[in-house]
Amino acid sequence: MSLSSMSRVLLRNYRHLSLSAPKGPHNISAISTSRGMASDASSYQFETLKVTTPQENILHVELNRPEKRNAMNMVFFREMKECFTKIAEDSDCRVVVLSGAGKNFTAGLDLMDAATIMAPDGDQDIGRRAEVLRKFIIPLQESNTVIERCLKPVIAAVHSACVGGGVDMITACDIRMCTKDAWFTIKEVDIGIAADLGTLQRFPKIVGNDSLVRELAYTGRALPSEEAKEVGLVSRIFPDKEALMDGAMELAKVIASKSPVAVQGTKSSLVYSRDHSVNDGLDHVRVWNMSMLQSEDMMKAAMASMQKTDATFSKL
């Protein structure tokens, strides 16, 4: 059926669309889980990350240095960029769950590892030493920005400690949820530096409380889970890690069932609009939808709604 023909069918049948509320918060029971085998994650081989495909169209990226409390060394920063650059181009992936192995989500920067690289060269003048450090910081920042740039939604599932660089990382994610015992700290102030990997830029726009952000950034105090939810850093709290991972995977399954054209377009618009005016954001989504409204996904979703079936969408 041509696009124009499908449009006419939809217009004729629009009044028959079901607008009844779904069962449960996400209508998870109505989502088909048997649309094929989960995609292969064997090409994602890393030293500090473990990547698996728990369900079709879902990738689970796990920080995998439990013996070091998932402290972030230079290999980790490089592999995060490589991993999410690859995910961005993986048509089998529609959503990512990001978690940490072991007792903590992450202890933040691996100070011992960083110290060996950041040690100043006494033979260089201050300008040249500064340039070395500038080049050192850029790829570390990029390891978080690549999460935001990837159009696949990323759900951060945080348990126990999320320290320093961990806050930088989760603020680049789309959705954050945590365990009851989770806590967050902008720890950089306690090691004599300003947070420079994204927290000071993203955290204020997430919580919308400038006074609180400054308090946390100036003092390094821990933000417990209940307060984190109250201010909007996380959207849900679970009693333990097992429940957290179940909840994250259920949410990922819901997102993966939707049109990838719609979901990725939504993320693109949300990220762009955060840093631009309302009018600029409207211009951006209008230009985006000039192309995406011609996608078959809108027709498939509407027809499935009228027929009370689950839509199956092609790879993007």
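So, how was this worked out
- Residues numbered from 1 in each chain as written.
- Predicted model: local features only at pLDDT ≥ 70, side-chain atom pairs only at ≥ 80, totals over all residues.
- Heavy atoms only, no water.
- Core = buried A, V, L, I, M, F, W, Y, C linked by side-chain atoms within 4.5 Å.
- Buried < 20%, exposed > 50% of the residue type's maximum accessible area, 1.4 Å probe, protein only.
- Contact = heavy atoms within 4.5 Å.
- Salt bridge = Lys/Arg side-chain N within 4 Å of Asp/Glu carboxyl O.
- Helix = DSSP H or I, 4+ residues; strand = E, 2+ residues; numbered from the N terminus.
- Pairing = 2+ DSSP bridges.
- 1 Å grid on protein atoms, 1.4 Å probe; cavity = no way out; pocket = protein on both sides within 12 Å on 5 of 7 lines; lining within 4 Å.
- Points joined across faces, edges and corners; volume = space filled by probe spheres on them.
- Nonpolar A, V, L, I, M, F, W, Y, C, P; charged D, E, K, R; others polar.

Peer 1: If you had to explain the nonpolar core to someone new, which residues and values would you point to?
Peer 2: The biggest cluster of nonpolar side chains holds 52 residues, and the ones touching the most others in it are Phe84, Ile87 and Phe184. Phe84 has contacts with Val61, Val96, Val146, Ile147, Cys150 and Val154, leaving out every residue within four places of it along the chain. Listed in part, the 16 residues of the second largest apolar core include Phe238, Met245, Ala248 and Ile255.

Peer 1: An account of the pattern of salt bridges is needed here, citing residue identities and associated values.
Peer 2: What the rule picks out here adds up to 18 salt bridges. In this structure, the salt-bridge partner of Asp92 is Lys315, at a minimum N-O distance of 2.9 Å. Taken as a pair, Asp92 in the loop between α2 (74-88) and β3 (95-100) and Lys315 in the segment after α12 (296-307) lie far apart in primary sequence, 223 residues in all. Here Asp92 falls in the partly exposed class, since its relative accessible area comes to 25%.

Peer 1: Give a detailed account of the sheet that holds strand β8 (residues 223-224), specifying residues and quantitative values.
Peer 2: If you trace the 3 strands from one edge of the open sheet to the other, you get β5-β7-β8, paired in mixed fashion. Both edges of this open sheet fall to β5 (161-163) and β8, since each of them pairs with a single strand only.

Peer 1: So what's going on with empty space enclosed by the protein? Residues and values would help.
Peer 2: Empty space among the atoms becomes visible once a probe the size of a water molecule is rolled across them. Summed over the entire model, instances satisfying the criterion amount to 1 cavity of 30 Å³ or more. The volume enclosed by the largest cavity comes to roughly 30 Å³. Lining the largest cavity we find Val167, Phe184, Thr185, Ile186, Phe203, Leu216, Arg221 and Leu223. When grouped by side-chain class, the residues that make up the lining of the largest cavity number 6 nonpolar, 1 polar and 1 charged.

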